[in-house]
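As a plain string of letters, each chain reads:
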Amino acid sequence: MTSVLGIAVTGIVLGILTYYFNSSKRLSIYCTNGNHEHRLSRILSTLESRPPGSKLSLHRRTLQSNTIRNASHKNDPTYFPIDLSSFNHVIEIDTSAQFVICEPSVSFGDLLRELLKAGMTTLVVPELPGITVGGAIAGGGLESSSHRHGQVSDTVLEIECLAPELRVCSPEIDRNLFYAISASYNTCALMTKIKLKIAPAPQYISLTATRYDKFQNAVEALDSAKEDGKSDTIEGIAYSSNEILVIRGIHTDSAESSIRTFTRHWDKWYYKTIRTSSQITVPYYDYCFRYNYGSFWMADYVLDMMGGDNIITRFLIGAFLDTKHLFAVLHSGNLSDLGRMRIIQDCYVPVDRAVEFLEAEDKDIGVYPLWLCPIKGTSTPQVLASHYSEQRGSFINVGIYGRPRQFPFDPQQVHSRIIDLLIEYGGRSMLYAQTWHTPTQFGEMYGEALEQVNQVKNGIGGDDCFFGLYEKVALSSTEREELVKPMLGTEAEETKKVVVDIMKRRLGL
């Protein structure tokens, strides 16, 4: 009894300390343009020593990454690291002209905090606060405002980058490079400064959830939002094939229903709250990062192992379960363990084929919950972006995060099925995840787009300076072999290892 009491007291103290330090005033993240140029000059000096034939790629501490794949290309002898981790500042916020100028490594959590002080926000705020501005552009960030605004890349006004020479591009200047950067995963340029559109921010978002029992009806409701013009945000959560919530949000400066928060580590997680509360009002910052604790629903198993989801377990261990620490644990361990236990993929599906895709996912894979996020397509030449199409006007992002119905499962078989469905329906994968595409599948999905981007790279002399996209993101043969090996223990045993890693890392052990 004494030992249990001691653990409980320790947990309470840690919870209080965590809340205090997370709430404490942060150091200023601002810098002047002169300071930016001074740091940039040192990077340019570094580039002068680049050996012929070497490949530029970001040097980033793996534990900070919001990807779930290994950076195996960084073991290549041609890898030439460029460290832009210090480029994490805000340079200017102009509320009149409605733009912000910032560096690529600033996180959306920090950027939004500063913008809100000026009463402003970016048009698209990715749902995890650790996602950086550069990462959202290079990787294709979206959110529940994407039915109006598209991806983060659609809100960019200007980019300063290394390609490998220092260049400035925009829709009017060097436009081919500007659009090639979108969803290129830093394979045609490294961003050093970014100018983004901003807009006035609301105090709250008022949410209304409507329940549907068929994918067809839910998809129609998600798609209709772009037509009615009434919803500032819209998303869906499918808890099963016959329980799908469509959640519409309206910007407001007054609380129109009960206020719920999601940025304190003991708060009940969003996807559980909205399932039982059809109308709630959420402070804007809390809404933007509503999926941070629990990483959508991926960390639910940790609460289950620690006694279930309740205010006590969330207070004691919830601070360990934000995405920053979960990603740190993930990258400090063996990514193969995650790949054998969970599927994590984001799939862009044309809205007219979304019902077929969802029904096939339900039949062949059976991961739930699913995240459903409608997104406005683009015909601008962002040819690598998942929402690019000259024919289709909108897509639905299907976030597949969880354990398949059949378990244990063959990761290669499941991922191949997802890829085949996307190719059949004219969709694309987001490549932050484990990329199981064969060269043939990758060519079917991205071949023509890669040819166009390679022409851009050739035109600016950057064709031999960066890794190829498939070369950078695809699983190596060694990784594939490791991932298809059976789990050594049961799922419970493997998840216990993850929980222990989380606790040890958080406590600095």
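Everything numeric in this text was worked out from a predicted model, so none of it was measured. (Residues numbered from 1 in each chain as written. Predicted model: local features only at pLDDT ≥ 70, side-chain atom pairs only at ≥ 80, totals over all residues. Heavy atoms only, no water.)

Thoughts on the overall build of the chain
Each helix and strand in the chain was counted, giving 19 helices and 16 strands. Here the chain has a C-alpha radius of gyration of 22 Å; the compact-globule value for 509 residues is 23 Å, and the two agree. C-alpha atoms of the chain, sized along the principal axes, occupy 65 × 50 × 50 Å. Counting the 509 residues in the chain, one finds 56% classified as buried. Entry remark: accessible area of the chain is about 21500 Å², with carbon and sulfur atoms responsible for 51%. Across the chain, 50 positive and 58 negative side-chain charges occur, with their mean positions spaced 5 Å apart. (Helix = DSSP H or I, 4+ residues; strand = E, 2+ residues; numbered from the N terminus. Rg over C-alpha atoms; globule rule 2.2 N^0.38 Å. Buried < 20%, exposed > 50% of the residue type's maximum accessible area, 1.4 Å probe, protein only. Areas by Shrake-Rupley, 256 points an atom, 1.4 Å probe, with all protein chains shown as cover. Lys, Arg positive; Asp, Glu negative; His and termini not counted. Charge placed at Lys NZ, Arg CZ, Asp CG, Glu CD.)

Here we look at the sheet that holds strand E10 (residues 233-240)
Strand order in this open sheet of 8 strands is E12-E9-E11-E10-E14-E15-E13-E16, and the pairing throughout is antiparallel. Of all the strands in the sheet, just strand E12 (279-283) and strand E16 (428-429) have a single pairing partner and so form its edges. The sheet strands contacting helix H7 (residues 215-228) are strand E9 (204-212), E10, strand E11 (243-252), strand E14 (370-376) and strand E15 (394-402), and the helix crosses E11 at an angle near 15°. Packing against the sheet, helix H15 (residues 411-425) makes contact with strand E13 (343-350), E15 and E16, and its axis sits at approximately 10° to E13. (Pairing = 2+ DSSP bridges. Contact = heavy atoms within 4.5 Å. Axes fitted to C-alpha atoms, helices over the stretch in contact; angles between N-to-C directions.)

Observations regarding the side chain of Thr122
Within the element layout of this structure, Thr122 appears in strand E5 (residues 120-122). Within the structure, the side chain of Thr122 is placed 3.1 Å from the backbone oxygen of Val124, a separation counted as a polar contact. When neighbours within four sequence positions are excluded, Thr122 is seen to be in contact with Phe108, Leu111, Leu115, Leu196, Lys197, Ile198 and Tyr284. (Polar contact = N/O pair within 3.5 Å; in protein donor to acceptor, adjacent residues only side chain to side chain.)

Let's talk about the nonpolar core
Core analysis: the biggest nonpolar cluster contains 139 residues, and Leu111, Ile181 and Ile274 have the highest contact counts within it. Within the second largest apolar cluster, 12 residues are counted, among which are Ile43, Phe87, Leu162 and Leu190. (Core = buried A, V, L, I, M, F, W, Y, C linked by side-chain atoms within 4.5 Å.)

Quick notes on the layout of surface pockets
Gaps between atoms show up when a probe of the same size as a water molecule is rolled over them. Roughly 430 Å³ of volume is contained in the second largest pocket. Surrounding the second largest pocket, 21 residues form its lining, Tyr388, Arg428, Glu444, Met445 and Glu448 being those nearest its centre. Elements with a minimum of two residues in the lining of the second largest pocket: H15 and helix H16 (439-459). Of the residues in the lining of the second largest pocket, the class split is 8 nonpolar, 8 polar and 5 charged. (1 Å grid on protein atoms, 1.4 Å probe; cavity = no way out; pocket = protein on both sides within 12 Å on 5 of 7 lines; lining within 4 Å. Points joined across faces, edges and corners; volume = space filled by probe spheres on them. Nonpolar A, V, L, I, M, F, W, Y, C, P; charged D, E, K, R; others polar.)

Observations regarding unusual backbone geometry
The omega torsion across Ala163 and Pro164 is -10°, close enough to zero to call that bond cis. Following the sequence through the fold, Pro164 ends up in the loop between strand E6 (156-162) and strand E7 (166-169). Of note in the backbone geometry, Ala183 takes a positive phi value of approximately 60° without being a glycine. As for its position among the elements, Ala183 is in the loop between helix H6 (175-181) and strand E8 (190-200). The phi dihedral of Phe296 is positive, around 65°, even though this residue is not glycine. Within the secondary structure, Phe296 sits in the loop between helix H9 (284-288) and helix H10 (300-305).

Considering the pattern of salt bridges
Enumeration according to the criterion identifies 20 salt bridges in this entry. Put simply, Glu103 and Arg39 hold a salt bridge, and the shortest N to O gap is 2.7 Å. On the criterion of sequence distance, the pair formed by Glu103 in the loop between strand E4 (99-102) and helix H3 (108-117) and Arg39 in helix H2 (residues 33-47) is long-range, its members being 64 residues apart. Take Glu103 and Arg39: they sit in the same class, and that class is buried. Note that Arg113 is salt-bridged to Asp110, the shortest N-O span being 3.1 Å. Linking Arg113 with Asp110, this pair stays in helix H3, spanning 3 residues, or about one helical turn. (Salt bridge = Lys/Arg side-chain N within 4 Å of Asp/Glu carboxyl O.)

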